[in-house]
Amino acid sequence: MKNLPDLKALLGTPKKVAIVTHFKPDADALGSSLGLAGCLKKKGHQVNVITPSDYPDFLSWMPGSGTVVALSKKSKEPELQAATLFSNADIIFCLDFSSLSRINDLSEMVRNSSAVKVMIDHHLEPEHFATYEKWDTHDASTAQMVYDFIVSLGERDLIDSSIANCLYAGLMTDTGGFRHNNTTAREFKVAEELTSLGANPSEVARLVYDVNSLGRLRLTGYVLNHKLTLLPEYRTAYMTLSQEELKRFDVQTGDTEGLVNYGLSIKDVQLAVLMYDRGEEIKISFRSLGAFSVNEMARAHFEGGGHKNASGGSSKLSLDQTLDKFLTILPHYKEKLISNS
């Protein structure tokens, strides 16, 4: 991070700090936010974590999650509280997103705040809205970037088991349990250091991967049995879920997470896509292998982006129209998908 001494000096005295992460936060988003919050609180800062939506119930074990100010369609109070916190903040940390559009209704609050803004992120094509940036697409997770940031401030000793577990969860999930091609020696080194500081790898893995609702398990079985479509000529698999299907299984935030990876696990498949109807829009998850960039596909056609092999997108069309659009553009990528390795 450029001008790190200046930021370190700014954090040398107690400040009002807001930490915000992206819509529908995953383990990396929430873990990095709560991990950083835990360290800053130990330094005497007044810290609040704010999210533009709720987060998955399977992340509620994270220390500090109960204090998160999460926007909700059920009440305007969290939004009013967030507006006050951003307005009064001295520093706003923006974690795990590089464009303010990713925080939805909070974007203008953050943009218009007079607070010093700090962005820590690893996604492609940042907006460069912050005063201080720690940005590197080579890092597998924002959680490890937050760990590096804490270390660079000279505050490694502040990391206890609660903070270490939050950061480890982000690193573990954004590497797919250290299986994705973003896993390098560096990720294992950070995992080792977090473990030495009190992270419990087996317990974190259990809480994230092995604590499911009955509805989530039944949804998974239904999708694999009825909704998974294979297009071998394009080395592609896709799944769609309607509003009615989501309601049938009482789908909650986070229940669809990981479904798209089942498509990518099929032999010879290079591209997997999951589309589901949120009502206000169609949410799309893209995953790929090798050199095929789903980031480019998502940005070009579905107002999205993210990583080369893992991106998201959206559509204002109906679910059927969105699928038709995808199937119409897919032939343009056939050569790349067939030759991909």
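Residues numbered from 1 in each chain as written. Predicted model: local features only at pLDDT ≥ 70, side-chain atom pairs only at ≥ 80, totals over all residues. Heavy atoms only, no water.

J.: Give a detailed account of the environment of Cys94, specifying residues and quantitative values.
T.: For Cys94, the position within the fold is in strand β4 (residues 91-95). Here Cys94 falls in the buried class, since its relative accessible area comes to 0%. Measuring from C-alpha to C-alpha, the distance between Cys94 and Thr21 comes to 5.9 Å, with 73 residues separating the pair along the chain. Among residues more than four places away in sequence, those in contact with Cys94 are Val20, Val110, Val118, Met119, Ile120 and Phe129. (Helix = DSSP H or I, 4+ residues; strand = E, 2+ residues; numbered from the N terminus. Buried < 20%, exposed > 50% of the residue type's maximum accessible area, 1.4 Å probe, protein only. Contact = heavy atoms within 4.5 Å.)

J.: Can you explain the sheet that holds strand β8 (residues 236-241)? Please cite residues and give values.
T.: Pairing is mixed across the open sheet formed by six strands, whose spatial order is β7-β8-β9-β10-β12-β11. Each end of this open sheet is capped by a strand with a single partner; those strands are β7 (229-231) and β11 (305-306). Bridge count between β7 and β8: three bridges; the pairing is antiparallel. The partner of Thr229 across the bridge, within β8, is Tyr238. The strands that helix α9 (residues 214-227) touches are β7 and β8; relative to β8, the one it contacts most, it runs at about 125 degrees. (Pairing = 2+ DSSP bridges. Axes fitted to C-alpha atoms, helices over the stretch in contact; angles between N-to-C directions.)

J.: Kindly report on the environment of Asp277, identifying the contributing residues and their values.
T.: Tracing the sequence through the fold places Asp277 in strand β9 (residues 271-277). A C-alpha to C-alpha distance of 26 Å links Asp277 and Phe292, two positions 15 residues apart in sequence. Setting aside residues no more than four positions away along its own chain, Asp277 makes contact with Leu241, Ser242, Gln243, Leu246 and Ile282. Of the polar contacts made by the side chain of Asp277, one reaches the backbone nitrogen of Gly279; its length is 2.8 Å. (Polar contact = N/O pair within 3.5 Å; in protein donor to acceptor, adjacent residues only side chain to side chain.)

J.: Which residues make up the nonpolar core, and what values do they have?
T.: Counting 51 residues, the largest nonpolar core has Ile19, Leu36, Phe93, Phe149 and Leu194 as its most contacted members. When residues of this core are assigned to their parent elements, the largest contribution, eight residues, is made by helix α6 (residues 161-174). Other than its neighbours up to four places away in sequence, Ile19 contacts Ser33, Leu36, Ala37, Leu40, Val47, Asn48, Val49, Ile50, Phe93 and Leu95. (Core = buried A, V, L, I, M, F, W, Y, C linked by side-chain atoms within 4.5 Å.)

J.: If you had to explain the sheet that holds strand β6 (residues 132-135) to someone new, which residues and values would you point to?
T.: Across the sheet, six strands lie side by side as β3-β2-β1-β4-β5-β6; this open sheet has parallel pairing. Here the strands that pair on one side only, and so sit at the sheet edges, are β3 (69-70) and β6.

J.: Explain helix α8 (residues 201-209) to me, using residue names and the numbers behind them.
T.: Buried within α8 we find Val204, Leu207 and Val208. Here the buried residues of α8 occupy an arc of 95 degrees about the axis, which is enough to place them on one side. Lining the buried residues of α8 we find α6. (Arc of directions from axis to C-beta.)

J.: An account of the pattern of salt bridges is needed here, citing residue identities and associated values.
T.: Within this structure, the stated rule accounts for 16 salt bridges. Notably, a salt bridge pairs Arg299 with Glu125, separated by 3.5 Å at the nearest N-O pair. Residue Arg299 is found in helix α12 (residues 294-301), and its partner Glu125 is found in the loop between β5 (116-121) and β6; the two are separated by 174 residues along the sequence. Relative accessible area serves as the criterion here: at 33%, Arg299 is assigned to the partly exposed category. The shortest N-O distance in the salt bridge between Glu244 and Arg248 comes to 3.1 Å. (Salt bridge = Lys/Arg side-chain N within 4 Å of Asp/Glu carboxyl O.)

J.: Pulling in residues and values, what's your account of the packing of aromatic side chains?
T.: Using the criterion set out here, one finds seven aromatic pairs in the structure. A centroid spacing of 6.1 Å and a plane angle of 50 degrees characterise the contact between Tyr168 and Phe178, whose relative ring orientation is tilted. Pair noted here: Tyr168 is in helix α6 and Phe178 is in the loop between α6 and α7 (185-196), with a separation of ten residues, a long-range link. Like Tyr168, the residue Phe178 is buried in the burial classification. (Phe/Tyr/Trp six-rings, centres within 6.5 Å; stacked < 30°, edge-to-face > 60°.)

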